[in-house]
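# Structural overview
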2 protein chains.
Amino acid sequence: MATRTRQSQRRTDALSRERIVEAAVELLDAAGETGLTVRALTERLATGPGTIYWHVGNRGGLLDAATDAVVAAALATEPAGAPDTPQDEIRAVALGLFDAIAAHPWLATQLATQLSRSPWGAVTPRIFESIGRRVQALGVPEGHWFTATSALVHYILGAAGQNAANARVLGSEADRAEFLDAASKAWEELDPDDYPFIRAVADQVREHDDREQFLGGIDLILTGVTTLHLPAHDPGEPGRRPSPEIRPGAAGGSGTSAAGPRRPRS
Amino acid sequence: MATRTRQSQRRTDALSRERIVEAAVELLDAAGETGLTVRALTERLATGPGTIYWHVGNRGGLLDAATDAVVAAALATEPAGAPDTPQDEIRAVALGLFDAIAAHPWLATQLATQLSRSPWGAVTPRIFESIGRRVQALGVPEGHWFTATSALVHYILGAAGQNAANARVLGSEADRAEFLDAASKAWEELDPDDYPFIRAVADQVREHDDREQFLGGIDLILTGVTTLHLPAHDPGEPGRRPSPEIRPGAAGGSGTSAAGPRRPRS
DNA sequence: ACCTGAACACCGTTCAAGT
DNA sequence: ACCTGAACACCGTTCAAGT
């Protein structure tokens with residue numbers, strides 16, 4: 001399924017922007033960001049560079065379009081039917097992005113780049129909107145909407161990217177233990193005087209389950225979100241608690257584990 | 001101070017790895033990641049490409065070294081003297097990275113790339129270690145160390161990167177309102193049916209203060225961290241609260257605004 | 001409207017040769 | 001040990017020319 005040799009037989013149908021983007025995603029999946037070159041695309045689609053530029057502008061536009069397509073597909077898998085709690089929906093959206101980034105590791109860098117180039121580009125608003133709406137639904141006061149959504153989105157993209165980096169190296173499931181072992185070995189080789197924390201945490205990393213760990217972070221932030229807003233709180237100064245009391249049942253807490261994500265591997 | 005024309009006069013002193021990295025940082029600051037080319041370096045240092053490769057290997061190594069140098073400098077500015085709470089120290093480290101990324105916008109993409117390529121590279125462990133040690137000091141149970149540190153680090157790098165992207169566009173302080181205005185205008189132009197959340201949040205963004213907003217996110221996560229671990233909690237399943245009760249004063253709460261960061265602009 | 005392909009400027013990297 | 005600079009393979013992009 002990977003190496004369709006399309007280049008020798010002549011195309012009869014017209015080339016479209018979608019077909020070019022599709023081929024770009026295939027190249028990116030196969031060889032990462034550096035694998036997407038105009039020339040490689042040109043061969044795969046049996047055409048000339050001019051065609052690419054006519055349809056998608058330049059390489060940057062192509063990367064944006066590929067990113068957009070994959071993220072849109074991931075976000076489109078909305079929870080079918082059953083009305084979940086906002087927390088569960090946030091977990092579902094987060095896991096959807098987590099899996100998309102695991103399947104397309106180039107997405108991580110691409111999304112980060114897009115966020116720190118033109119934050120109001122094509123894909124980013126979609127992600128913000130999807131998470132932000134659920135933050136609203138949690139009952140978070142308006143003054144915290146942006147902060148809470150930012151914390152969730154940045155964690156999702158960052159943690160998923162880091163996971164994809166690990167996952168990419170190991171291919172088969174058999175390599176997994178070996179790789180994680182090597183990684184935590186590398187950690188343990190760091191100077192114990194300079195890196196006591198990392199050495200202490202190395203064992204946890206070796207034994208953790210990716211998705212469970214990821215969701216743990218989501219729940220941590222959700223707990224912060226639902227805990228932080230107090231009745232007598234001034235929204236004008238977000239994130240500063242004027243008093244140390246915490247209202248217990250705020251907006252449902254972080255998770256009853258209901259509609260919990262399908263258990264991952266074994 | 002920017003355009004020292006070093007290229008015409010002959011060097012008398014030997015070239016060192018540090019001088020090359022220093023020049024690389026200058027190029028990156030001036031023209032971003034694409035501004036760092038071996039040829040540009042070659043001109044600035046009045047030497048040939050062979051010299052660069054002899055000292056630093058390849059372009060990737062140069063980028064890593066530049067990132068490492070800037071981040072190390074940012075982390076080295078540890079709180080002098082006064083014994084702060086772990087929360088305040090985390091805020092200080094976070095602000096240090098925030099400012100470093102604001103001063104060197106290319107750092108954001110670079111750190112993200114480095115994290116999602118070899119997460120156990122050169123710089124990343126330093127950041128993890130710096131934050132992780134304070135998470136330990138908060139009294140977080142060992143099972144949550146990695147999750148809590150990940151949430152903080154990913155938020156810090158992601159939010160700082162997004163801020164740097166905004167800040168870069170506007171140069172002078174006068175442009176600021178104009179730019180934020182344009183940005184939130186762009187948001188408001190989005191289809192109201194597809195993007196109700198973003199439209200609703202646009203005004204907040206226009207009026208927010210960067211650093212205050214950033215710290216709000218830190219406090220939100222810190223609240224989650226200190227709230228989530230309950231006495232009767234099983235560390236084996238991180239992030240899932242077995243019961244909806246919340247212990248009030250957990251480990252100090254999120255912040256009394258003591259030792260608060262120097263107030264930003266006006 | 002859509003496609004071709006030669007051509008251009010630029011890039012990272014190598015390496016034989018110098019001191 | 002350190003530096004030079006010509007050379008190579010490759011890249012994104014343009015554009016006159018075709019259908």
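What you see is a predicted model, and the numbers here were worked out from it, not measured in a lab. (Residues numbered from 1 in each chain as written. Chains lettered and ligands numbered in written order. Predicted model: local features only at pLDDT ≥ 70, side-chain atom pairs only at ≥ 80, totals over all residues. Heavy atoms only, no water.)

## Considerations on the overall build of chain A
- Counting its regular elements, chain A contains 11 helices and 0 strands.
- Starting at the N terminus and walking to the C terminus, you meet the elements of chain A as α-α-α-α-α-α-α-α-α-α-α.
- Every one of the 266 residues in chain A was classed for burial, and the buried ones make up 52%.
- Within chain A, contacts between residues separated by at least 24 positions form 68% of all contacts whose residues are at least 6 apart in sequence.
- About 11700 Å² of surface is accessible on chain A, with carbon and sulfur atoms providing 54% of the total. (Helix = DSSP H or I, 4+ residues; strand = E, 2+ residues; numbered from the N terminus. Buried < 20%, exposed > 50% of the residue type's maximum accessible area, 1.4 Å probe, protein only. Contact = heavy atoms within 4.5 Å. Areas by Shrake-Rupley, 256 points an atom, 1.4 Å probe, with all protein chains shown as cover.)

## Considering unusual backbone geometry
All names here are of chain A.
- A positive phi angle, near 55°, is found at Ala 46, a position not held by glycine.
- Within the secondary structure, Ala 46 is located in the loop between helix H2 (38-44) and helix H3 (49-56).
- Accessibility expressed as a relative area gives 28% for Ala 46, which makes it partly exposed.

## With respect to the packing of helix H10 (residues 196-207) of chain A against helix H7 (residues 123-137) of chain B
- At a minimum axis separation of 8 Å, H10 of chain A and H7 of chain B run at an interaxial angle of 85°. In this view, H10 of chain A runs roughly perpendicular relative to H7 of chain B, as classed from their interaxial angle. Contacts from Pro 196, Phe 197, Ile 198 and Ala 200 of chain A in H10 of chain A reach Pro 125, Phe 128, Glu 129, Gly 132, Arg 133 and Gln 136 of chain B in H7 of chain B.
- Here the residues of the contact of H10 of chain A with H7 of chain B are counted per class, giving 6 nonpolar, 2 polar and 2 charged. (Axes fitted to C-alpha atoms, helices over the stretch in contact; angles between N-to-C directions. Parallel < 35°, antiparallel > 145°, perpendicular 65-115°, else oblique. Nonpolar A, V, L, I, M, F, W, Y, C, P; charged D, E, K, R; others polar.)

## What about the protein's contact with DNA strand D?
- With respect to spatial proximity, 21 residues lie near DNA strand D, and among them Arg 39 and Tyr 53 of chain A together with Thr 47, Trp 54 and His 55 of chain B are the closest.
- Protein-adjacent atoms of DNA strand D, using a 4 Å cutoff, are sugar or phosphate at a proportion of 57%.
- One nitrogen or oxygen atom from the main chain of Gly 50 of chain B is found 3.1 Å from a base oxygen belonging to DNA strand D.
- Contributing elements (two or more residues each) for the surface near DNA strand D: H2 and H3 of chain A together with helix H3 (49-56) of chain B. (Near = heavy atom within 4 Å. Polar contact = N/O pair within 3.5 Å; in protein donor to acceptor, adjacent residues only side chain to side chain.)

## Details of the protein's contact with DNA strand C
- If you check the shell around DNA strand C, you find 21 residues, and the closest are Thr 47, Trp 54 and His 55 of chain A together with Arg 39 and Tyr 53 of chain B.
- For DNA strand C, the fraction of atoms within 4 Å of the protein that belong to sugar or phosphate moieties is 57%.
- Separating a base oxygen of DNA strand C from a backbone N or O atom of Gly 50 of chain A is a distance of 3.1 Å.
- One of the backbone nitrogen or oxygen atoms of Val 38 of chain B is found 3.0 Å away from a phosphate oxygen of DNA strand C.

## Digging into the environment of Glu 142 of chain A
Residues and elements named next belong to chain A.
- With respect to the helices, strands and loops of the structure, Glu 142 is situated in the loop between helix H7 (123-137) and helix H8 (145-170).
- Residue classification places Glu 142 among the partly exposed positions, given a relative accessible area of 44%.
- Counting along the chain gives 81 residues from Glu 142 to Gly 61, while the straight-line C-alpha distance between them is 35 Å.

## Quick look at the packing of helix H4 (residues 59-76) of chain A against helix H6 (residues 106-115) of chain A
Residues and elements named next belong to chain A.
- At their nearest, the axes of H4 and H6 sit 10 Å apart, and the two run at 110° to each other. Regarding the angle of H4 to H6, the classification is roughly perpendicular. As H4 packs across H6, the resulting crossing turns out to be left-handed. In contact with Leu 63, Asp 64, Ala 66, Thr 67, Val 70 and Val 71 of H4, H6 contributes Trp 106, Leu 107, Gln 110, Leu 111 and Gln 114.
- Each residue belonging to the contact of H4 with H6 can be placed in one class, and the counts come to 7 nonpolar, 3 polar and 1 charged. (Left-handed = near helix turned anticlockwise from the far one by under 90°.)

## A short note on the confidence of the model for chain A
Residue and element names in this part refer to chain A.
- For chain A, the average pLDDT comes to 79, and 70% of its residues sit at 70 or higher.
- Note that residues 1-10 has pLDDT below 50 and, in this model, 10 contacts with residues that lie over four places away or in other chains.
- This model gives residues 231-266 a pLDDT under 50, and the stretch forms 80 contacts once residues within four places in sequence are excluded. (pLDDT = per-residue confidence, 0-100.)

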